[in-house]
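As a plain string of letters, each chain reads:
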Amino acid sequence: REAQNFLIPFSQYKMKDWLRFLKHRQRQVFYNHIPASDLKKYIAPDIWNNYYKFCFDRNPVNKSISHFKWRGGKIELLDFESYLNSLEVEKIKGDHFYKDKYGNYLVDKVYRMEDMKEAFGDLGLKLGINKNNLVAPNFKTKVTDDSYKLTSEKIEKQYGGILKRIFKTEYKDLYPQ
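Procedures and definitions
Residues numbered from 1 in each chain as written. Predicted model: local features only at pLDDT ≥ 70, side-chain atom pairs only at ≥ 80, totals over all residues. Heavy atoms only, no water. Helix = DSSP H or I, 4+ residues; strand = E, 2+ residues; numbered from the N terminus. Contact = heavy atoms within 4.5 Å. Areas by Shrake-Rupley, 256 points an atom, 1.4 Å probe, with all protein chains shown as cover. Lys, Arg positive; Asp, Glu negative; His and termini not counted. Charge placed at Lys NZ, Arg CZ, Asp CG, Glu CD. Phe/Tyr/Trp six-rings, centres within 6.5 Å; stacked < 30°, edge-to-face > 60°. Buried < 20%, exposed > 50% of the residue type's maximum accessible area, 1.4 Å probe, protein only. Lys NZ or Arg CZ within 6 Å of the ring centre and 35° of its normal. Patch = residues over 30% accessible without salt bridge, like charges linked within 9 Å, V, L, I, M, F, W, Y side chains within 5 Å. Salt bridge = Lys/Arg side-chain N within 4 Å of Asp/Glu carboxyl O. Axes fitted to C-alpha atoms, helices over the stretch in contact; angles between N-to-C directions. Parallel < 35°, antiparallel > 145°, perpendicular 65-115°, else oblique. Nonpolar A, V, L, I, M, F, W, Y, C, P; charged D, E, K, R; others polar.

Colleague: Sorry, what's going on with the overall build of the chain here?
Modeller: Each helix and strand in the chain was counted, giving ten helices and two strands. Taken from N to C terminus, the helices and strands of the chain fall in the order α-α-α-β-α-α-α-α-β-α-α-α. Dimensions of the chain along its principal axes, counting C-alpha atoms only, are 50 × 45 × 40 Å. Sequence separation of 24 or more characterises 60% of the internal contacts of the chain that already satisfy a separation of 6 or more. Summing over all exposed atoms, the chain offers an accessible surface of approximately 12700 Å²; the carbon and sulfur share of this is 53%. Of the charged side chains in the chain, 33 are positive and 23 negative, and the gap between their average positions amounts to 3 Å.

Written as structure tokens, this is what we have:
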């Protein structure tokens, strides 16, 4: 099935959205990886305040490797260290996805991607969904020719200190050592 129900209703538009629409003739949309702060702008307060809001976040090492490859890897960014020193890595820091500008959580729970099976069990209990009707998906990662070079163990060993500085919120809150 193709994407559906992703257009933000005109009734939820703010003045800035209308100006952007008139200028570019493009609708505002809900999109993959939309930060909770952006999502909250378009959700009615009674719904936002009464619904259980959750998200998943990946281990910073795996997230960084994936984003590095997605951004073109060695072609665009030369090497992994250059990537870590670039502003590109700032785009995937998780705290702005689920916190407001003051550092307050906007979601009720941030689950670790690696704990998805347990998270789905918890979600079933919280949402009153029978565990047989809520099954965690299976994931397969893409294998590329250079995948043997960028293993999470190698990156953790070589760049672990840099990653802990960049992703301090994730390491503090989700992946304490």
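Colleague: I keep staring at the packing of aromatic side chains and nothing clicks. Help me out?
Modeller: Both the distance between ring centres and the angle between the ring planes are used here to describe each pair of aromatic rings. For the coordinates displayed, the defined rule picks out 16 aromatic pairs. Considering the side-chain rings of F30 and Y42, the 6.4 Å spacing of their centres and the 90° angle between planes classify their relative orientation as edge-to-face. One end of the pair, F30, is in the loop between α1 (15-24) and α2 (36-41); the other, Y42, is in the loop between α2 and α3 (45-50), with twelve residues separating them in the sequence. The buried category is assigned to Y42, whose relative accessible area is 10%. Positioned over the ring face of W48 is K53, at 5.2 Å from the centre of the ring. Positioned over the ring face of Y171 is K164, at 5.5 Å from the centre of the ring.

Colleague: I tried to follow a nonpolar patch on the surface on my own but got confused; where do I start?
Modeller: Taken together, the side chains of F10, M15, W18 and L19 present a nonpolar region at the surface, about 410 Å² in accessible area. Along the chain, W18 turns up in helix α1.

Colleague: Can you walk me through the packing of helix α4 (residues 60-70) against helix α9 (residues 152-166) in this structure?
Modeller: Geometrically, a packed helix pair is captured by the angle between its two axes and the distance between the axes. Running from N to C, α4 and α9 point in directions that differ by 105°, and their axes come no closer than 10 Å. Judged on the interaxial angle alone, α9 and α4 are roughly perpendicular. Counting all contacts with α4, which are made through P60, V61, N62, S64 and I65, the residues of α9 involved are S152, I155, E156 and L163. Its residues assigned to classes, the contact of α4 with α9 comprises five nonpolar, three polar and one charged.

Colleague: What should I look at first to understand the pattern of salt bridges in this one?
Modeller: Note that side chains of opposite charge can pair when their charged atoms are close. Per the stated rule, a full pass over the model turns up eleven salt bridges. Notably, a salt bridge pairs K63 with E170, separated by 3.7 Å at the nearest N-O pair. In this pair, K63 sits in helix α4 while E170 sits in helix α10 (residues 168-173), placing the two residues 107 residues apart along the sequence. E170 shares its class with K63; the two are buried. Its salt-bridge partner being E90, residue K93 comes within 3.4 Å of it at the nearest N-O pair. Residue classification places E90 among the partly exposed residues on the basis of a relative accessible area of 38%. Within the structure, one salt-bridge network assembled from shared partners comprises D57, K63 and E170.

Colleague: Before we go on, may I ask you to explain the environment of N59 in this structure?
Modeller: Its place among the elements puts N59 in the loop between β1 (54-57) and α4. Sequence spacing of N59 and D79 is 20 residues, and the spatial spacing of their C-alpha atoms is 20 Å. The residues contacting N59, other than those within four sequence positions of it, are E114 and Y175.

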